[in-house]
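# Coordinate inspection notes
Spelled out, the chains give:
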Amino acid sequence: MLTDFYELTMSGGYFEKGLKDKTAYFDMFFRRIPDNGGFAIMAGVEQLIQYLSELKFTDEDIEFLRSKNIFSEEFLEYLRTFEFRCDVWAVPEGMPIFPNEPIVTVRGPVIQAQFIETMVLLSINHQSLIATKANRIVRAAQGRAVMEFGSRRAQGYDGAMLGARAAYIGGCSGTACTSVDRDFGVPALGTMAHSWVQMFDSEYEAFKAYAEIYPQSCTLLVDTFNVLKSGIPNAIKVFDEVLKPQGYRPAGIRIDSGDITYLSKKARQMLDQAGYPDCKICVSNSLDESTIESMLAQGACVDSFGVGERLITSSSEPVFGGVYKLVALEDNGVITPKIKISENVAKITTPCFKELWRLYDRDTGKAIADVLTLNDEEISDSRPYEIFDPQFTWKRKTLENFRAERIRVQLFDNGRQLYTSPDINTIKNYCIEQLDTLWDEVKRFENPHTYYVDLSQKLWLIKDSLLKRRS
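Treat the numbers as computed from the prediction; the structure is a model and nothing was measured.

### A look at the overall build of the protein chain
For the protein chain, the count of helices and strands is 17 helices and 21 strands. Expressed as lengths along the three principal axes of its C-alpha atoms, the size of the protein chain is roughly 80 × 60 × 35 Å. A burial count over the protein chain gives 53% of its 471 residues as buried. A separation threshold of at least 6 residues defines the contact pool for the protein chain, and within that pool the share at least 24 residues apart is 72%. Accessible area for the protein chain stands at about 21700 Å²; split by element, carbon and sulfur atoms hold 48% of it. Where the 54 positive side-chain charges of the protein chain centre and where its 65 negative ones centre are 4 Å apart.

### Some details on the pairing of strand β10 (residues 280-283)
Two strands pair when backbone bridges link them, and strand β9 (residues 252-255) and β10 are joined in this way by four bridges, in the parallel orientation. Its bridge partner being in β10, Arg254 is matched across the sheet by Cys282. One crossover worth recording links β9 to the parallel β10 by way of helix α12 (residues 260-273), and it is right-handed. Of the strand pairs in this sheet, β10 and strand β11 (residues 304-307) are connected by two bridges, and their pairing is parallel. Paired with Cys282 across the strands is Ser304, a residue of β11. Between the parallel pair β10 and β11, the chain is carried across by helix α13 (residues 289-297), and the sense of this crossover is right-handed.

### Details of the sheet that holds β9
Overall, parallel pairing links the six strands, which are arranged β7-β6-β11-β10-β9-β8 in an open sheet. The sheet is open, and its two edges are formed by β7 (174-175) and β8 (219-221), each paired on a single side. Running at roughly 160° to β9, helix α11 (residues 227-243) makes contact with β8 and β9 of the sheet.

### Overview of the packing of aromatic side chains
Both the distance between ring centres and the angle between the ring planes are used here to describe each pair of aromatic rings. Applying the stated criterion across every chain, the model contains 20 aromatic pairs. With centroids separated by 4.7 Å and ring planes inclined at 40°, the aromatic side chains of Phe30 and Phe320 adopt a geometry described as tilted. Within this pair, whereas Phe30 is found in strand β1 (residues 23-30), its partner Phe320 is found in the loop between α14 (309-312) and β12 (322-331), the two being separated by 290 residues in sequence. Accessibility classification places Phe30 together with Phe320 in one group, the buried group.

### Section: the side chain of Arg408
Within the secondary structure layout, Arg408 lies in the loop between β18 (402-406) and β19 (409-413). The class for Arg408 is buried, based on a relative accessible area of 10%. A distance of 2.6 Å separates polar atoms of two side chains, one belonging to Arg408 and the other to Thr105. At 2.8 Å, the side chain of Arg408 and the backbone oxygen of Lys354 are in polar contact.

### Examining the sheet that holds β19
What the seven strands build is an open sheet, ordered β13-β12-β1-β5-β3-β19-β20; its pairing is antiparallel. Each of the sheet's edge strands pairs with one partner strand only, and the pair in question is β13 (334-337) and β20 (416-417). Across four bridges, the pairing between β12 and β13 is antiparallel. Residue pairing in the sheet places Leu329 in a bridge with Thr336 of β13.

### Looking at helix α6 (residues 117-140)
The terminal C-alpha atoms of α6, which comprises 24 residues, lie 35 Å apart, in line with the 34 Å expected from a rise of 1.5 Å per residue. Of all 24 residues in α6, 21 are buried; the element is thus mostly enclosed. Trailing α6 by a residue or two, Gln142 shows a phi angle of about 55°, which is positive.

### Thoughts on the packing of helix α10 (residues 203-213) against α11
At a minimum axis separation of 9 Å, α10 and α11 run at an interaxial angle of 40°. On the basis of their axis angle, the class for α10 and α11 is oblique. Seen from above, α10 lies across α11 with right-handed handedness. Seen from α10, the contacting residues are Glu203, Tyr204, Phe207, Lys208, Ala211 and Glu212; seen from α11, they are Ser230, Gly231, Asn234, Ala235, Lys237, Val238, Glu241, Val242 and Leu243. Residues belonging to the contact of α10 with α11 are distributed by class as follows: seven nonpolar, three polar and five charged.

What counts and what doesn't
- Residues numbered from 1 in each chain as written.
- Predicted model: local features only at pLDDT ≥ 70, side-chain atom pairs only at ≥ 80, totals over all residues.
- Heavy atoms only, no water.
- Helix = DSSP H or I, 4+ residues; strand = E, 2+ residues; numbered from the N terminus.
- Buried < 20%, exposed > 50% of the residue type's maximum accessible area, 1.4 Å probe, protein only.
- Contact = heavy atoms within 4.5 Å.
- Areas by Shrake-Rupley, 256 points an atom, 1.4 Å probe, with all protein chains shown as cover.
- Lys, Arg positive; Asp, Glu negative; His and termini not counted.
- Charge placed at Lys NZ, Arg CZ, Asp CG, Glu CD.
- Pairing = 2+ DSSP bridges.
- Right-handed = clockwise from strand over helix to strand, strands pointing away.
- Axes fitted to C-alpha atoms, helices over the stretch in contact; angles between N-to-C directions.
- Phe/Tyr/Trp six-rings, centres within 6.5 Å; stacked < 30°, edge-to-face > 60°.
- Polar contact = N/O pair within 3.5 Å; in protein donor to acceptor, adjacent residues only side chain to side chain.
- Expected span 1.5 Å × (residues − 1).
- Parallel < 35°, antiparallel > 145°, perpendicular 65-115°, else oblique.
- Left-handed = near helix turned anticlockwise from the far one by under 90°.
- Nonpolar A, V, L, I, M, F, W, Y, C, P; charged D, E, K, R; others polar.

Structure representation (structure tokens):
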């Protein structure tokens, strides 16, 4: 029932007009990369599979729809007894994705393919947005750990939990959210809040108590009162008096306010002089990739970052913008392409049941381009292959020493689940491997190189003919 109401009214219309078994093809794709980046990261497939596997209407749902007084009893009975019978393909989680390519395709009875639209978009849009933002922040950190700290600022508990899952796929080292560790296996991390320090009569007593309880993983929050005049001196005193006699080394300190770049430099000097060069410095406080990049450029002495609200909400660009469009109909095995035309060129869709390929340079292993073909087309990497810009068709390049791979997997066949999502660490490692296939020029923050997403000659001709026919 988490579906736009028009999807149900249209489905009711299809049913009444005898179209309930008409086979339709829908593509999910996005038109623009958030933050003007060079790529996005696919995420949310596991939740999409779970939704489609459990899809049904309860008696309570049917009663609610009946109360609207617009649906026939025959249609309501169809909903009550239906079984999911669609084929679904998707790009695996962790894979870099680019605008205008079908990252999810659904083929099946038009009623079913229609009323899952909202959940397809919701599952993929949100997590892909957060995974993409997290990866930007992780890359800005230049190898330093980034912890997701955003639960309390997320838009709802699903936003907190699934956002933390996506952030881990995008490269974060862990999360502050305990349930995400329990449910998804993302490491839960955290130390103390300022309230711990305020609960005691002095900062020193607060630090001492914490060190006595957690000597093996003691990280102290040093900015409750004054970082340099009390926080660091009291932390060093506790390290000397509590940890060192027991044979433990401090895990770190955290700074959550002030001029973090300046404070981190001074803190590093004080810790080193006290004999704790191995004590890590973690910082937090409304960070994002721009702030982190600037801090490191100024020589900040930081070992890890805790990033919250600007990551979990992707506050710089909080909408991924994926859409779900009809691209073909099928009748007795004959597929008829469908196109949506708009005065806004970016909104013109690419018709047909398609396959998505990625072409890699054999010498470097780097991705050269993605190509959309008709579903029954093959790209043979045993002979030269010409790619061209779908809009500026005179821009052409012939590839010779390349490898061609289909990059989507089939999730469902006639409603039967074929694909099981890997565990979260496998997905995260896959993401790292796949990002390594992108050129640095695609990954830069400012004016990244535009990655090519081309059409095969056959597909381009079909699209061009439909455009001319409709013009």
